[in-house]
Amino acid sequence: MQEILDATKPTDWRALDPRDTLYLTLPRGRVVIELAPDFAPAHVANIRALARNGYWNGLSINRSQDNFVVQWGDPAEDDKSRKPLGKGTKAKLPAEFARSSDKLPFHVLPDPDGWAPQVGFADGFPAARDTSAKSAWLAHCYGMVGAGRDVAADSSNGTELYVVIGQSPRQLDRNITVVGRVVQGMELLSVLPRGTGALGFYENPAHRVPIASIRLAADLPKKDRVGIEVLRTDSAAFDEIIESRRNRRDEWYKQPAGHIDLCNVPLPTREISEKAPAAKPAKPAKGKAK
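Keep in mind the model is a prediction, meaning the values are calculated, not measured. (Residues numbered from 1 in each chain as written. Predicted model: local features only at pLDDT ≥ 70, side-chain atom pairs only at ≥ 80, totals over all residues. Heavy atoms only, no water.)

All told, the structure shown has 17 salt bridges when counted by the stated rule. Ionic pairing is found between Glu 243 and Arg 249, a salt bridge with its closest N-O pair at 3.6 Å. With relative accessibility at 28%, the residue Glu 243 sits in the partly exposed group. Each member of the salt-bridge network shares a partner with another, and the members are Asp 111, Glu 243, Arg 246 and Arg 249. (Salt bridge = Lys/Arg side-chain N within 4 Å of Asp/Glu carboxyl O. Buried < 20%, exposed > 50% of the residue type's maximum accessible area, 1.4 Å probe, protein only.)

What follows is the structure in structure tokens.
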């Protein structure tokens, strides 16, 4: 895999769009999240406004459930005690579990999936689609970020966010709005002590992890942004990566699998130094879905 990455061209990579990049700052470092407005436009708009309002600053990570998710937001249980959302936000959002598959560039994975008629990648995100229903949705793979909700489908406002830290809970697909994925800093979330309360919530408030801030990269000076690029999932290099993981041919492997699960496909990233030429944050050209 590293040999493939070493042979990539600058055009095989794309820079993160600062308008769709969140920086979650914790005591031990920074987590970088890429938002997915093409799949959850209303939620992403609210999350941008919440970040600009400093909504999460001073709140906390309140839940760490083993082999499932880490969740953050306002720990107050009483609605009257919860932090106000601030200007430019909406208290109620539509459920954005899926979107139309029309005009969605979709890079199909060659192997079948047990959760959807077809799986692959859409602009760098692991996704699924049903062409007969003209529907597409993001998959709950490791590192994906979703918006927690109550029983009602439209009961999320984007304030309670979670990230998948365990085996992919694909049963959540099309049941919760997925808003993006972590592209750097997963190790800061996946190793958090597990909560001892129901669903992994921290029973002792002292065990909650404080959030210094969550900010949009676009709201920071360029010198304070992280230069991250992700491998384009519509590139020939990405196809090589997939094949290298489907059929391991290095000496240690005696039997190639000939199959790969959507959530086991690596999504490479790299940091760019100030001197190195950076890729443009443009999305893949629109064209026929593969």
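Turning our attention to the environment of Ile 242. Relative to the elements of secondary structure, Ile 242 occurs in helix H4 (residues 236-246). Look at Ile 242 and you get buried, because its relative accessible area is 6%. Placed 148 residues apart in sequence, Ile 242 and Pro 94 show a C-alpha to C-alpha distance of 35 Å. Setting aside its immediate chain neighbours within four residues, Ile 242 contacts Leu 109, Pro 110, Ile 260 and Val 265. (Helix = DSSP H or I, 4+ residues; strand = E, 2+ residues; numbered from the N terminus. Contact = heavy atoms within 4.5 Å.)

With that settled, consider the sheet that holds strand S14 (residues 209-210). On the basis of which strands lie adjacent, the open sheet formed by nine strands has the order S14-S4-S5-S12-S11-S13-S3-S2-S15 and antiparallel pairing. The open sheet has two edge strands with one neighbour each: S14 and strand S15 (213-216). Of the strand pairs in this sheet, strand S4 (residues 60-64) and S14 are connected by two bridges, and their pairing is antiparallel. Paired with Ile 61 across the strands is Val 209, a residue of S14. Across the sheet, helix H2 (residues 41-52) lies against strand S2 (21-26), strand S3 (29-35), strand S11 (144-147), strand S12 (161-164), strand S13 (177-184) and S15, angled at about 120° from S15, the strand it touches most. (Pairing = 2+ DSSP bridges. Axes fitted to C-alpha atoms, helices over the stretch in contact; angles between N-to-C directions.)

All right, on to the sheet that holds strand S10 (residues 135-138) then. Within the open sheet, the five strands sit side by side as S6-S10-S9-S8-S7. Their pairing is antiparallel. The sheet terminates laterally at strand S6 (99-100) and strand S7 (107-108), the two strands that pair on one side only. By the bridge criterion, five bridges tie strand S8 (residues 118-122) to strand S9 (residues 125-130) in an arrangement that is antiparallel. Residue pairing in the sheet places Val 119 in a bridge with Ala 128 of S9.

The next subject is H2. For H2, which comprises twelve residues, the first-to-last C-alpha distance of 17 Å matches the rise-based estimate of 16 Å (1.5 Å per residue) to within 8%. Among all positions of H2, only His 43, Val 44, Asn 46, Ile 47, Ala 49, Leu 50 and Ala 51 are buried. (Expected span 1.5 Å × (residues − 1).)

Summary statistics for the chain give a mean pLDDT of 94 and a share of 94% for residues scoring 70 or more. Residue range residues 282-290 is modelled with pLDDT below 50. Its contacts to residues more than four positions away, or to other chains, number 19 contacts. (pLDDT = per-residue confidence, 0-100.)

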